Amino acid sequence: MLAQFGFGVFILTFLLSLFSVIAAVLGYFNGSDRWVEAARRSMLLIFPILTLGTLTLVILLVTGHYELEYIYSVTSNDMPLYLKITALWGGQAGSLVLWSWLMSAFASAVTLHKWERDRELLPWVIVVISVTLSFFLALTIFFENPFTRWWQTLGGDFILRMFAPTGAVPVFPPDGQGLNPVLRHPGMILHPPMLYLGFVAFVIPFAFAIAALVTGRSDDRWIRLTRRWTLVAWLFLSLGLVLGMWWAYNVLGWGGFWNWDPIEVAPLMPWLTGTAFLHSVMIQEKKGMFKQWNMLLIILTYSLVILGTFLARTGVLSSIHAFSQSSIGPVFFVFIGLTLIISIALLIYRWKDLKAEVEMSSWFSREALFLLNNLLFMGVLIICFWGVIFPLISELVTGQKITVGPPWYQRTNGPLFGSLMALMGIAPLSAWGRSTFKTIGRLLWKPSIPTVLALAAMIALGIRNWIALVGFTLVAFVIFVTLFEFWRGVHSRQKGRGENLFIAIWRLFGSNRRRYGGYFIHISMVVMAIGILGVELYQTTTQKLLATGDDLQLSGYTLRYDSLTQVPNADGSSLTSAVVSVFKGGQLLGKLHPQFATFPSGETATVVGIYSTLADDLYVVLIDWESISPAQAPFKVVHNPLVNWLWIGSLMFIIGILIAAGPEPDKEDLRSTRKLE
Amino acid sequence: MIMKKKVELLIFFTFIILALSLVPAISVPAQQPTPSPSDDEVNAIASQLFCPVCQNTPLDVCPTQACRQWRELIRQMLAEGKTAAEIKQYFVTYYGASVLSEPPRSGINWLIYIVPPVAFMTGVFLLFMAFRTWKKSATRPATAPNPINSRGAETGSCPAADDPYISRLEDELKKRK
């Protein structure tokens, strides 16, 4: 009964969504505000109703309705409550429900405003969001229905149907299969919602862009209206990516956090175009240039968002993450194709209206460097797109599978990432319109001194790997240039206004949140780069079967195997846990407990033991695929230098976005304050 | 003389016997079990290969039973004295090119290596050419003002007014000096 109710709710929201599309189009073409208002209200209604539908599914998950196939496949009696709730996005059908629900939340948030000042944009914003929402709701209703249940036919076969087939009787399995063990981790519980939040938030600026194209508004109003949405999208997409890396590092037991798996690259692609977009919109805002390019970037971002969901959910790339295969692939493909073609056609239609006279007075002006930034991001995008798509093309042509793995990505992307870092160091010193090599050079020498000193220190410390020397020097360069920029601003306020250091810093950031938030994000990026360089260039690893009391050495650490316990858990799984002592220079640093859980299904989930410092991680895996006994156990040990700077940089990144997304001081207010002064 | 010949014959046969007795001595090490290659030696090669079954999973960390056997196969081949290249080739022959972390440089696979640099360099070239045109149009107003430039000024592209924040900041810094 509850399942039928839930399904009915989804059909209702689907109809409401379709109504929004029709009413908005009618309202636009008839010039009727009443129709547009009806569309807006219909969109507002979708969120509470869809919340009801989603809650219904959560109740079914929590109460163990295993007669429903989805509930059966992702939950089991032994799972704790929080896992039963988060199993909502543990499988394909539930993930699509989550996507729709988040989209409806954002749609409501957008349409809460009446948009009096931008009334003309509203109908088309509603159309774009509602079409996207309708598509995902249609996937749930027609292809991946989470309310489908098990039936037994007269012939004894078990089949899946929403409603009772003739003569069939319902089946009530006493227990479910349970969630895939590797997904039972905080990183993987948070990763999908964050990623999806980022995905759906990018639909909002896209919707405004399309609305601007349809209505022929060639100004940058759509960009200003959606600036914060874009930052929110970027924040969540970045968080989703980082949480995915954190999960991979702690759960997979491979020793790394990023393996250039296509499913990792898929959500990186909209992040790349989104990042390029965040930079290039500033050229349009400041100089009124490159309007077509910004449109193209947000169109690409939207298409890559849908492509990211398509690649992850349809099993088209058979990899570790693509847990399920489904019939929705072609539908997705058609939707991506249609939306892309229509969007590009609109852009071509408005091409002339968006044309603005482009003037570049210098190769070193800020707008020129932003363009270079865009070129580099597009370069990385081409590499990622080609790396993901080419194996499919190759298989199609030759019938043979190939793998495009980490060495190819690292070698191809490396120079571009390095160039982006160099650009992060130079661009903050440039000004709009008038920077030259000379003016930048004049500002550059001060931060260059500590950078050269840092390079000398690295050489003195014995670093000889040229990639490390270039990489870490660029890190130092970006940090010193950015600090120099902070210092210039703070110094100016201290002297000019007599503010103390802390107030000067506070007000400097407040005076231009976007600029200084952005600079802070630059620092966070290179701090992350420290961790990436450390692991990529200096990771060492060893594997050994150790008898009790035996030890192994790796990168100055000694690891001794002390004992092993195997205990059954209440949920039917058994936990195998080792105790190992970590020594350095003969001194005991601590004890680690690498372990793995074995589930009744035979699946295992690894819990890595990590001895962590700011300098490095000693990462110990109790190998679950080799024979194991209390007398001797196999260990894989990885030494990851500087890896924690990746996580520190990620936290700094969030702070940076919060600074940048904060309210800008009202320009009218500023003017009146200045007049009073 | 005869005595000398007998001694020479004795020495000759002694060498022959010694040589023959050495044959088994030489072949013994090949027949006896060699020390088994370590996990690290096996993983050094396995980490360069991908599991033939679970796509995108490196062979050194793949937990399946099949991969465990493949790692043992690598160990065995190493013990037989096979080189890393030979072992990789064996896997390619039996399981296809997808076991390699990069496609072999042949046929259509060349596209994976060629397309990104060509596309990027095309982007660089196009941007460079466009930039030269934009730069020319930026320098024009100084010599010959035209209506297009006055339109540019309307959109706020006058360099002096470009970045009021930077101008204010620099003015304040100058005052102090």
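Bear in mind that the values here come from a model prediction, so they are computed numbers and not experimental data.

The rules we used
Residues numbered from 1 in each chain as written. Chains lettered and ligands numbered in written order. Predicted model: local features only at pLDDT ≥ 70, side-chain atom pairs only at ≥ 80, totals over all residues. Helix = DSSP H or I, 4+ residues; strand = E, 2+ residues; numbered from the N terminus. Rg over C-alpha atoms; globule rule 2.2 N^0.38 Å. Buried ≥ 20, exposed ≤ 12 C-beta atoms within 10 Å, placed from the backbone. Contact = placed C-beta atoms within 7 Å. Nonpolar A, V, L, I, M, F, W, Y, C, P; charged D, E, K, R; others polar. Pairing = 2+ DSSP bridges. Domains from an automatic or database assignment. Axes fitted to C-alpha atoms, helices over the stretch in contact; angles between N-to-C directions. Expected span 1.5 Å × (residues − 1). Parallel < 35°, antiparallel > 145°, perpendicular 65-115°, else oblique.

Along chain A, the regular secondary structure elements total 20 helices and 13 strands. Its C-alpha atoms give chain A a radius of gyration of 28 Å, near enough to 26 Å, the size a compact globule of 677 residues would have. A principal-axis box enclosing the C-alpha atoms of chain A has dimensions of 80 × 80 × 55 Å. In chain A, which comprises 677 residues, the proportion classed as buried is 51%. Considering only contacts within chain A whose residues lie at least 6 apart along the sequence, 70% involve residues at least 24 apart.

Attention now moves to the overall build of chain B. In terms of regular secondary structure, chain B is built from 7 helices and 0 strands. Along its sequence from the N terminus, chain B presents helices and strands in the succession α-α-α-α-α-α-α. Per-residue burial over chain B gives 22% buried out of 177 residues. The contacts in chain B between residues at least 6 apart in sequence include a share of 43% that link residues at least 24 apart.

Across the contact, 50 residues belong to chain B and 51 residues belong to chain A. Within the side of chain B that touches chain A, the residues separate by chemical class into 26 nonpolar, 14 polar and 10 charged.

Another aspect to go through is the sheet that holds strand β3 (residues 169–170) of chain A. Paired through backbone hydrogen bonds, the strands of a sheet run either parallel or antiparallel to each other. Residues and elements named next belong to chain A. Pairing in this open sheet of 3 strands is antiparallel, and the strands run β2-β1-β3 from one edge to the other. With partners counted over all chains shown, the strands left at the sheet margins are β2 (158–161) and β3, one partner each. Relative to β3, strand β1 (residues 149–152) runs antiparallel, the two being bridged by 2 bridges. Bridge assignment links Gln152 to a residue of β3, and that residue is Val169.

Residues and elements named next belong to chain A. For Trp260, which is not glycine, the phi dihedral falls at a positive 55°. Within the secondary structure layout, Trp260 lies in the loop between α8 (221–252) and α9 (262–287). Phi angles above zero are rare outside glycine, and Phe290 is one such case at about 60°. Secondary-structure assignment places Phe290 in the loop between α9 and α10 (291–313). Classification of Phe290 by C-beta neighbours within 10 Å gives buried; the count is 21.

A word on the domain arrangement of chain A. All names here are of chain A. Each domain of chain A was delimited in the assignment, giving domain 1 (1–179), domain 2 (186–350 + 364–388), domain 3 (409–537 + 651–663) and domain 4 (540–645). With centres defined by C-alpha atoms, the gap from domain 3 to domain 4 works out at 38 Å. Taken together, the residues that form the side of domain 3 that touches domain 4 break down as 4 nonpolar, 2 polar and no charged.

Here we come to the sheet that holds strand β11 (residues 609–612) of chain A. Residues and elements named next belong to chain A. Here 4 strands make up an open sheet; going across it, the order is β4-β13-β12-β11 and the pairing antiparallel. Of all the strands in the sheet, just β4 (540–547) and β11 have a single pairing partner and so form its edges. Across this sheet, the average inter-strand angle for adjacent strands is 20°, counted without regard to direction.

Another point: the environment of Ser365 of chain A. Residues and elements named next belong to chain A. With respect to the element layout, Ser365 can be found in the loop between α12 (351–354) and α13 (366–398). Counting along the chain gives 209 residues from Ser365 to Gly156, while the straight-line C-alpha distance between them is 75 Å. Setting aside residues no more than four positions away along its own chain, Ser365 makes contact with Met360, Ser430, Trp432, Gly433, Arg434 and Ser435.

Before going further, it helps to examine helix α7 (residues 186–215) of chain A. Residue and element names in this part refer to chain A. The end-to-end C-alpha separation of α7 is 45 Å, in line with the 44 Å expected for 30 residues at 1.5 Å each. For α7, the tally of buried residues reaches 25 of 30 residues, placing the bulk of the element in the interior. Positive phi shows up at Gly216, right after α7, with a value of about 80°.

The next point concerns the pairing of strand β10 (residues 604–607) of chain A. Residue and element names in this part refer to chain A. Relative to β10, strand β9 (residues 595–598) runs antiparallel, the two being bridged by 4 bridges. Within the sheet, the bridge partner assigned to Gln595 lies in β10 and is Val607. A loop of 5 residues connects β9 with β10, the two strands running antiparallel in sequence, and Gly602 in this loop sits at a positive phi of about 95°.

Residues and elements named next belong to chain A. Relative to the assigned elements, Tyr66 resides in the loop between α2 (33–62) and α3 (69–74). It is 27 Å that separates the C-alpha atoms of Tyr66 and Tyr196, two residues lying 130 residues apart in sequence. Apart from the residues lying within four places of it in its own chain, the contact partners of Tyr66 are Ile71, Tyr72, Phe172, Pro173, Asp175 and Gly176.

Take helix α16 (residues 466–497) of chain A next. For α16 of chain A, which comprises 32 residues, the first-to-last C-alpha distance of 46 Å matches the rise-based estimate of 46 Å (1.5 Å per residue) to within 8%. Positive backbone phi, approximately 65°, marks Gly498 of chain A, located one or two places after α16 of chain A.

Attention shifts here to the environment of Ser100 of chain A. All names here are of chain A. Topologically, Ser100 is positioned in helix α5 (residues 92–112). Judged by C-beta crowding, with 29 C-beta atoms within 10 Å, Ser100 ranks as buried. Leaving out residues up to four positions away in the same chain, Ser100 has contacts with Leu50, Leu133, Phe136, Leu137 and Thr140.

Let us look at the packing of α8 of chain A against helix α19 (residues 644–661) of chain A. All names here are of chain A. Put simply, α8 and α19 touch, their axes get as near as 10 Å, and they point 170° apart. Taken together, the axes of α8 and α19 are roughly antiparallel relative to one another. Between α8, through Arg228, Leu231, Val232, Trp234, Leu235, Ser238, Leu239, Val242 and Trp246, and α19, the contact on the second element is made entirely by Trp647, Ser650, Phe653, Ile654, Ile657, Ala660 and Ala661. Taken together, the residues of the contact of α8 with α19 break down into 13 nonpolar, 2 polar and 1 charged.

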